[in-house]
Amino acid sequence: MILVGQFDSPFVRRVAIALHHYGIPFERRVLSVFKDFDAMLNVNPLGKVPSLVLDDDETLFDSRAIIDYLDGIADPALRLAPTEEPQRRQVLKIEVVGIGLAEKVYERGLEYSRRAPGSSDPDWRARLETQIRSACGWLENLTPSPWLFGETFTRADLAVAVAMQYLERVVPELDSSNAFPRLQAHRRHCEALAAFAAVQDSTDEARASGWRPEPPS
């Protein structure tokens, strides 16, 4: 299999971590949705990441769809979502909030790194920051101990931990470590897993594609 995308993307990293968790070997094609946009359109009609090229050359899109496929072919002992309701529904509900958090952090980062100086809308930034804090507050209230649902690592933990890593790097001024200590403790617990350690967030890849860190306010 070939995973397409950069490890500065939380969505690409989620898939890579899942592949390591399942023990599925893969290669990576490092393409940026910004500097390699034309090449990305040849892989994914939306020019988005991640994409996963299967052994038979079929290409899957979207991290949720990819992980759902991988969960279906994985060793049942390694699956990241329950098969029975309501447990499955609860895990997927938390996963949706975790992915949505990463999406809002991504949008917030674009307001600085991709807009011309002085063109960012402060009202839109404030709205995004409200959504980020709201999602973090909801997740913090789940009081992970150590997992967000049940007694094992699930897709919910994967989505939320990667989102919190991303939040810490892209919007450090929100001070998530102090504002949401239980979520950051949960993140560190996940980072101790071998699958997480194998897939490091890459600031170098981010900068190569044009991202720049926001200066302290």
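Quick look at the structure, then.

**Points about a negative patch on the surface**
Taken together, the side chains of Asp-55, Asp-56, Asp-57 and Glu-58 define an acidic patch exposed on the protein surface. If you trace the backbone, Asp-56 turns up in the loop between strand S3 (51–53) and strand S4 (59–61). Assessed through its relative accessible area of 55%, Asp-56 is described here as exposed.

**What about the packing of aromatic side chains?**
The full count for this structure, using the stated rule, is two aromatic pairs. Judged by centre distance (5.7 Å) and plane angle (65°), the ring pair of Trp-147 and Phe-153 falls under edge-to-face. An angle of 75° between the planes, with centres 6.1 Å apart, marks the rings of Phe-153 and Phe-196 as edge-to-face. Placement of Phe-153 in the loop between helix H5 (122–140) and helix H6 (155–170) and of Phe-196 in helix H9 (residues 194–197) is noted, with a sequence separation of 43 residues between them.

**Notes on the side chain of Glu-111**
Topologically, Glu-111 is positioned in helix H4 (residues 87–113). A polar side-chain atom of Glu-111 sits 3.5 Å from the main-chain amide nitrogen of Asp-121. Sequence-distant contacts of Glu-111, defined by excluding residues within four places in its chain, comprise Ser-120, Asp-121, Trp-124, Arg-125 and Leu-128.

**A few points about the side chain of Ser-176**
Along the chain, Ser-176 turns up in helix H7 (residues 176–179). There is a polar contact of 2.7 Å between the side chain of Ser-176 and the side chain of Gln-184. With residues up to four places along the chain from it excluded, the contact list for Ser-176 reads Met-164, Leu-167, Glu-168, Pro-181 and Gln-184.

**Describing the pattern of salt bridges**
Inspection of the entire model under this criterion finds 15 salt bridges. Ionic pairing is found between Glu-129 and Arg-108, a salt bridge with its closest N-O pair at 2.7 Å. Of this pair, Glu-129 sits in helix H5 while Arg-108 sits in helix H4, and the two are 21 residues apart along the sequence. Across the pair Arg-169 and Asp-201 runs a salt bridge whose closest N-O atoms are separated by 2.8 Å. Of this pair, Arg-169 sits in helix H6 while Asp-201 sits in the loop between H9 and helix H10 (203–208), and the two are 32 residues apart along the sequence. Salt bridges sharing partners connect three or more residues here, namely Arg-14, Asp-68, Arg-88, Glu-95 and Arg-155.

**Comments concerning the nonpolar core**
Within the largest apolar cluster, 34 residues are counted, with the highest numbers of intra-cluster contacts made by Leu-3, Leu-19, Tyr-22, Leu-52, Leu-70, Leu-158 and Phe-196. Breaking this core down by element, the ones donating at least two residues are strand S1 (2–4), helix H1 (10–22), helix H2 (37–43), S3, helix H3 (63–73), H6 and H9. With seven residues, H1 is the single largest residue contributor to this core. When residues no more than four places from it in sequence are discounted, the contact partners of Tyr-22 are Ile-67, Leu-70, Asp-71, Ala-74, Leu-78, Arg-79 and Leu-80. Counting 26 residues, the second largest nonpolar core, distinct from the first, contains Val-91, Cys-136, Leu-148 and Val-160.

The rules behind the values
- Residues numbered from 1 in each chain as written.
- Predicted model: local features only at pLDDT ≥ 70, side-chain atom pairs only at ≥ 80, totals over all residues.
- Heavy atoms only, no water.
- Patch = residues over 30% accessible without salt bridge, like charges linked within 9 Å, V, L, I, M, F, W, Y side chains within 5 Å.
- Areas by Shrake-Rupley, 256 points an atom, 1.4 Å probe, with all protein chains shown as cover.
- Salt bridge = Lys/Arg side-chain N within 4 Å of Asp/Glu carboxyl O.
- Lys, Arg positive; Asp, Glu negative; His and termini not counted.
- Charge placed at Lys NZ, Arg CZ, Asp CG, Glu CD.
- Helix = DSSP H or I, 4+ residues; strand = E, 2+ residues; numbered from the N terminus.
- Buried < 20%, exposed > 50% of the residue type's maximum accessible area, 1.4 Å probe, protein only.
- Phe/Tyr/Trp six-rings, centres within 6.5 Å; stacked < 30°, edge-to-face > 60°.
- Polar contact = N/O pair within 3.5 Å; in protein donor to acceptor, adjacent residues only side chain to side chain.
- Contact = heavy atoms within 4.5 Å.
- Core = buried A, V, L, I, M, F, W, Y, C linked by side-chain atoms within 4.5 Å.

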